[in-house]
Amino acid sequence: MTAADHTVEDLLRSLAPQVLAVLVGRHGQFYACEDAVQEALLAAAVQWPEQGVPEHPCSWLVTVASRRLTDEWRSERARRDREVAVALREPGYAAVAPPADEEPPAGDDTLKLLFLCCHPALTVPAQVALTLRAVGGLSTAQIARAYLVPEATMSQRIRRAKQRIEATGARFVLPSAADRDARLGAVLHVLYLVFNEGYTASSGPDLHRAELTGEAIRLTRELRRLLSDDGEVTGLLALMLLTDAHRAARTGPGGELVPLAEQDRSRWDRAAIAEGVALVTEALTWSPPGPYQVQAAIAAVHAEAPSAAETDWRQIVALYRLLARIAPNPMVTLNQAAAVAMVDGPRAGLALLAPLDADERTAGHHRLAAVRAHLLELASEATAARAAYLAAARGTTSLPERRYLEVRAARLAADR
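Under an unreviewed UniProt entry, the protein has the name DUF6596 domain-containing protein and belongs to Micromonospora sicca. Under the UniProt heading Sequence similarities (unreviewed entry), the note attached to the protein is "Belongs to the sigma-70 factor family. ECF subfamily."

Structure below.
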């Protein structure tokens, strides 16, 4: 794939949720609109690399997708005309698409689409999966990896979610305050997953995908404008900014992964750090601490440390203990174990990892093997650490992560 192909692919990914939002806003019929958008994206992927990107790419996609809808409706109408002639006399029978050259409306309806996908008629897993697909632009395979389920299972979940949205007759508007609060947890979780997929891509040759992190940050900013009095919304934005601030230092000249302790901190984005620290500090003064605020506070401690050696690990351990109480999760335990090892030694960290071997969410997961390898290396157990690094390398589908883990294992073998 050429650089131009990558550019077109990135542009289409960023435009897809905007185009879908326009069509759903005009016509409803979520299922039909998403099918039409996918056909428009396929047409663009074929034509644009050869013919060039049009002057107004979003309008081009809206036009092509609208034509696909019109063709579908005309085909359906012809079939019904043949079968039931009386249908022609029913008022409002024919659905008419907008003119082909009509510009999409001003403004961004992506937040409306975000809340629509988090409709209370759906289960939380279905809300998250559908939004990652429609708003985040993630493939079904990427979402399946995020949930640790087979791709076929996730495909079925997304299909049923779209059908359920259709059946509810949900309107394409921002929800009322009560409905908004009911959906907010799923919305925040979706944005968090989109950001994480962009920051550490679950597969492929690149460590991060800036278009996903950028879109997650943009949407979270929009959400904060709507809900400036919600501490967790502010906390999530702070967490994203503080995490993304490391991006330039996370890879070396050859695209290799550079761990936090070895990063050149002069390359961190100090403006993003200052904004993130200010946001979480302010939110914690008036809002009860929630999971995103606590994670942002942990990120702030890392960001403000002059070096890895000067990090306030005791404060980080205390924050992880708080996070484990309010939002217990095996990934929280993984990070907590690494922090505990810096305060109480690697054996203490390894003890925290032991129960995760029996947790189906993490048993056999490459991140568990990677953290265990790191702690075993700190404990001077080179043979066991090398085996764990290699197990982690076999488990990840991210090429930069795999190369990093293999290099760590090779170094341990060379030191023997």
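Having seen the model, we can carry on.
In terms of regular secondary structure, the protein is built from 18 helices and two strands. Expressed as a percentage of its 416 residues, the buried residues of the protein come to 46%. Residue pairs in contact within the protein that sit at least 24 positions apart in sequence constitute 63% of those at least 6 positions apart. Accessible surface computed for the protein: about 19900 Å², of which carbon and sulfur atoms make up 53%.

By the definition in use, this model includes 11 salt bridges. Note that E39 and R68 form a salt bridge whose closest N and O atoms lie 3.2 Å from each other. With E39 in helix α2 (residues 30–51) and R68 in helix α3 (residues 57–83), this pair connects stretches of sequence that are 29 residues apart. Taking relative accessible area as the criterion, E39 reaches 42% and is therefore assigned partly exposed. Look at R68 and you get partly exposed, because its relative accessible area is 30%. Across the salt bridge formed by E401 and R367, the nearest N and O atoms sit 3.2 Å from each other. Highlighted residues: E401 in helix α18 (residues 399–415) and R367 in helix α16 (residues 366–378), separated in sequence by 34 residues. With a relative accessible area of 33%, R367 lands in the partly exposed category. Taken together, the shared-partner salt bridges in this structure form one network comprising E262, E377 and R408.

The next subject is the nonpolar core. L23, F30, L61 and L223 are the most contacted members of the largest nonpolar core, which has 83 residues in total. Contacts of L223, omitting those with residues within four sequence positions, involve L111, F115, L184, V187, L188, L191 and V233.

Now for the confidence of the model for the protein. In this model, the protein carries a mean pLDDT of 83, and residues with pLDDT of at least 70 account for 86%. Long-range and interchain partners of residues 78–107, a stretch whose pLDDT sits below 50, account for 32 contacts in this model, where long-range means more than four residues apart.

As for its position among the elements, E232 is in helix α10 (residues 231–244). Sequence separation between E232 and L284 is 52 residues, and the spatial gap between their C-alpha atoms is 9.6 Å. Excluding anything up to four places from it in sequence, E232 contacts L188, G290, P291, Y292 and Q293.

With that settled, consider the side chain of R408. Considering the arrangement of structural elements, one finds R408 in helix α18. With residues up to four places along the chain from it excluded, the contact list for R408 reads E262, E377 and Y389.

Moving on, we come to the packing of helix α15 (residues 346–353) against α16. In contact at an axis separation of 9 Å, α15 and α16 are set at 155° when each is read in the N-to-C sense. In this view, α15 runs roughly antiparallel relative to α16, as classed from their interaxial angle. Relative to α16, the crossing made by α15 is left-handed. Residues P346, G349, L350 and L353 of α15 form the contact with α16, whose participating residues are L368, V371, R372, L375, L376 and L378.

A few words on the environment of M342. Of note, M342 is situated in helix α14 (residues 330–344). Taking the C-alpha atoms as reference points, M342 and D312, separated by 30 residues in sequence, lie 9.8 Å from one another.

In this model, helix α8 (residues 177–199) (23 residues) spans 31 Å end to end at C-alpha, consistent with the 33 Å of a helix rising 1.5 Å per residue. Where α8 bends most, the angle comes to about 45°, and this point is R183.

On to α18, then. With 17 residues, α18 extends 24 Å from end C-alpha to end C-alpha; this agrees with the ideal 24 Å at 1.5 Å per step. Every buried residue of α18 is listed here: P400, E401, L405, R408, A409 and L412.

Now for the packing of α10 against helix α12 (residues 291–304). Packing of α10 against α12 leaves a shortest axis separation of 8 Å and a crossing angle of 30°. Judged by the inter-axis angle, α10 sits roughly parallel to α12. Crossing geometry of α10 relative to α12 is assigned as left-handed. Contact residues: G231, E232, G235, L236, A238, L239 and L242 in α10; P291, Y292, Q293, Q295, A296, A299, A300 and A303 in α12. Classifying every residue of the contact of α10 with α12 gives 10 nonpolar, four polar and one charged.

Bringing the state of the cysteines into the picture now. All chains considered together, the criterion is met by zero disulfides. With no disulfide of its own, C117 lies closest to C118 among cysteine sulfurs, the gap being 6.6 Å. We classify C118 as buried; its relative accessible area is 0%.

A few words on the packing of aromatic side chains. Throughout the structure, instances matching the rule amount to three aromatic pairs. With centroids separated by 5.2 Å and ring planes inclined at 70°, the aromatic side chains of W48 and W60 adopt a geometry described as edge-to-face. Here W60 lies in helix α3 and W48 lies in helix α2, a separation of 12 residues in the sequence. For W60, a relative accessible area of 22% puts it in the partly exposed group. Its guanidinium or amino end placed over the ring of Y199, R250 lies 3.8 Å from that ring's centre, counting from NZ or CZ.

Basis of the calculations
Residues numbered from 1 in each chain as written. Predicted model: local features only at pLDDT ≥ 70, side-chain atom pairs only at ≥ 80, totals over all residues. Heavy atoms only, no water. UniProt positions renumbered as here; feature names shortened; annotations may be inferred. Helix = DSSP H or I, 4+ residues; strand = E, 2+ residues; numbered from the N terminus. Buried < 20%, exposed > 50% of the residue type's maximum accessible area, 1.4 Å probe, protein only. Contact = heavy atoms within 4.5 Å. Areas by Shrake-Rupley, 256 points an atom, 1.4 Å probe, with all protein chains shown as cover. Salt bridge = Lys/Arg side-chain N within 4 Å of Asp/Glu carboxyl O. Core = buried A, V, L, I, M, F, W, Y, C linked by side-chain atoms within 4.5 Å. pLDDT = per-residue confidence, 0-100. Axes fitted to C-alpha atoms, helices over the stretch in contact; angles between N-to-C directions. Parallel < 35°, antiparallel > 145°, perpendicular 65-115°, else oblique. Left-handed = near helix turned anticlockwise from the far one by under 90°. Expected span 1.5 Å × (residues − 1). Bend = angle between axes of the 7 residues up to and from the residue. Nonpolar A, V, L, I, M, F, W, Y, C, P; charged D, E, K, R; others polar. Disulfide = S-S within 2.5 Å. Phe/Tyr/Trp six-rings, centres within 6.5 Å; stacked < 30°, edge-to-face > 60°. Lys NZ or Arg CZ within 6 Å of the ring centre and 35° of its normal.

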